[in-house]
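Notes for the structure review
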Amino acid sequence: MLPLAELHVHLEGTAPPDLVRRIAERNDLEVPEGVFADPDRYAWRDFLDFLQTYDMAASVMRSGEDYRDIAYEYLSGCAAEGAIYVELTASPDHARLVGVESDEHLEGIAAGIDAARDEHGIEARILLTCIRNFGLEDAVRIAELAAGRPHPYVVGFQMAGDEVAYPPGLYADAYDIAHRAGLGCSVHAGEWTGAQSVRAALDLPVTRIAHGVRAIEDPFLVTELAERGTVLECCPSSNVALRVFPDLEHHPFGALREAGVRVTLGSDDPPYFGTSIGAEYALAREHFGLDDADLLAITRTAIEASFAEPELRAALLGRVDG
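Below: a short report on this structure. (Residues numbered from 1 in each chain as written. Predicted model: local features only at pLDDT ≥ 70, side-chain atom pairs only at ≥ 80, totals over all residues. Heavy atoms only, no water.)

1. Some points on unusual backbone geometry
Note on backbone geometry: most residues besides glycine have negative phi, and most peptide bonds are trans. Even without being a glycine, Arg243 presents a positive backbone phi close to 65 degrees. Relative to the helices and strands, Arg243 resides in the loop between helix H10 (236-241) and helix H11 (253-258). A relative accessible area of 54% places Arg243 in the exposed class. With a phi close to 70 degrees, Asp268 is a non-glycine residue in the positive phi region. (Helix = DSSP H or I, 4+ residues; strand = E, 2+ residues; numbered from the N terminus. Buried < 20%, exposed > 50% of the residue type's maximum accessible area, 1.4 Å probe, protein only.)

Okay, here's the thing in structure tokens:
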């Protein structure tokens, strides 16, 4: 089986409807009205509505045990598709808003990682993300939390949320804290805003950009990304589902790759978009014409660009090349 790796997936967004219902029942809660379109599908119309549905589904996650189960079930599914490494983007804010403290939150995720490794041989690490529309003070708080290395599995800092109203440059202080602490840094850009947001993101100490696909609108920027070796965490199914691009034929994954930009594949929020990491690799084969060697190169890029500790990265590369 081809080894796969994923750098872009939001932990809360990996929980399928059935798991959300099970967690709600365990916590003696009702899932908020409007979350599900039907028993197996989330209800949302556009990006802002998606964010609201996401937040409502996440609101039933109330304990470390919940986060353990989400991480374990997601990683087990990835392993069944051939994944050997996943970086889980976790939101301390979503946990805090429902009363889960950071220690319990991270210990739960780590327990899920450990269980999945023990049973399936898959490795995973954690990126802590701030939500840009919660403001700079909150972003600095999350960066300081991550910089304090609250768990050995925390290896990076990320920023998600509303790109349009909150450009990346506003959060330079938060990124400076994370970078000085030796954390890997990535940032959402070039999804809901154009190439200018990718260019602005390059002023931050990032080695990766989450999405970044609208860089294609600026040929000079594409060349700069290739020359810098900046990695774009591409999520084609998410981009089409959210109508960033009308269809796969218009998605620039292939064009960016052909221009020499380093790209990886991610599922973003898989049950919301009807995908998985295995499905993203299959899509790259079927729609973008990649063969086994190309797909293996995507995995190698993901491992090389990962924020995993050097020893783990070397071991994972050995599995890719073995």
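That was the structure; now back to the text.
2. Describing the pattern of salt bridges
Here the structure, examined in full by the defined rule, presents 28 salt bridges. Between Asp218 and Arg199 there is a salt bridge; the shortest N-O distance is 3.4 Å. Separated by 19 residues along the polypeptide, Asp218 in the loop between strand S8 (208-211) and helix H9 (219-228) and Arg199 in helix H8 (residues 195-201) bring together distant segments of the chain. On the accessibility criterion, Arg199 (34% relative accessible area) is partly exposed. One network of salt bridges, with partners in common, ties together Arg26, Glu65, Asp66, Arg68 and Asp69. (Salt bridge = Lys/Arg side-chain N within 4 Å of Asp/Glu carboxyl O.)

3. Focus: the nonpolar core
Core analysis: the biggest nonpolar cluster contains 95 residues, and Leu88 and Ile109 have the highest contact counts within it. Of all the elements, helix H3 (residues 64-80) adds the most residues to this core, at eight residues. Apart from the residues lying within four places of it in its own chain, the contact partners of Ile109 are Leu11, Tyr67, Arg68, Ala71, Leu88, Ala90 and Ile126. Membership of the second largest hydrophobic core comes to 13 residues, among which are Ala302, Ile303, Ala308 and Leu317. (Core = buried A, V, L, I, M, F, W, Y, C linked by side-chain atoms within 4.5 Å. Contact = heavy atoms within 4.5 Å.)

4. Observations regarding the sheet that holds S8
Spatially, S1-S4-S5-S6-S7-S8-S9-S10 is the arrangement adopted by the eight strands of the open sheet, whose pairing is parallel. Since the sheet does not close on itself, it has two edges, and those belong to strand S1 (4-6) and strand S10 (262-265), each with one partner. Across the sheet, the mean angle separating the axes of adjacent strands is 25 degrees when strand polarity is ignored. Judged from the two bridges that link them, strand S6 (residues 154-160) and strand S7 (residues 184-189) form a sheet pairing that is parallel. Its bridge partner being in S7, Phe157 is matched across the sheet by Cys185. Strands strand S4 (83-90), strand S5 (123-131) and S6 of the sheet are contacted by helix H5 (residues 102-120), whose axis makes an angle of about 155 degrees with S5. (Pairing = 2+ DSSP bridges. Axes fitted to C-alpha atoms, helices over the stretch in contact; angles between N-to-C directions.)

5. Focus: helix H14 (residues 292-305)
Across its 14 residues, H14 extends 20 Å between first and last C-alpha, which sits within 8% of the 20 Å expected from 1.5 Å per residue. Structurally, the start of H14 carries an N-cap: the backbone nitrogen of Ala293 is 3.1 Å from a side-chain oxygen of Asp291. (Expected span 1.5 Å × (residues − 1). Polar contact = N/O pair within 3.5 Å; in protein donor to acceptor, adjacent residues only side chain to side chain.)

6. Concerning the layout of surface pockets
If you add up the space inside the largest pocket, you get close to 470 Å³. What lines the largest pocket is a set of 27 residues, among which Leu51, Tyr54, His94, Ile131 and Gly161 lie closest to the centre. If you list the elements that add at least two residues to the lining of the largest pocket, you get helix H2 (47-58), helix H4 (92-97) and S5. Sort the elements by how many residues they give to the lining of the largest pocket and H2 lands first, with seven residues. By residue class, the composition of the lining of the largest pocket is 11 nonpolar, nine polar and seven charged. Estimated volume of the second largest pocket: approximately 180 Å³. Contributing to the lining of the second largest pocket are 14 residues, with Thr14, Pro16, Glu73, Tyr74 and Pro270 lying nearest its centre. Listing elements by their share of the lining of the second largest pocket, those giving two or more residues are H3 and helix H12 (270-273). (1 Å grid on protein atoms, 1.4 Å probe; cavity = no way out; pocket = protein on both sides within 12 Å on 5 of 7 lines; lining within 4 Å. Points joined across faces, edges and corners; volume = space filled by probe spheres on them. Nonpolar A, V, L, I, M, F, W, Y, C, P; charged D, E, K, R; others polar.)

7. Considerations on the pairing of strand S9 (residues 231-234)
Both faces of S9 are covered, namely the face carrying Val231 and Glu233 and the face carrying Leu232 and Cys234. Direction of pairing for S8 relative to S9: parallel, over a ladder of three bridges. Bridge pairing links Ala210 to Glu233 in S9. Considered for its hand, the β-α-β crossover made up of S8, H9 and S9 is right-handed. Sheet topology places S9 next to S10; four bridges connect them, and they run parallel. Opposite Cys234, over in S10, you have Leu265 as the bridge partner. (Right-handed = clockwise from strand over helix to strand, strands pointing away.)

8. Thoughts on the environment of Phe253
Relative to the helices and strands, Phe253 is located in helix H11. On the accessibility criterion, Phe253 (0% relative accessible area) is buried. Put simply, Phe253 and Cys235 are 18 residues apart on the chain and 8.8 Å apart in space, counted from C-alpha to C-alpha. If we ignore the near neighbours within four places in the chain, the residues touching Phe253 are Cys234, Val263, Thr264, Leu265, Ala284, Phe288, Leu290 and Ile298.

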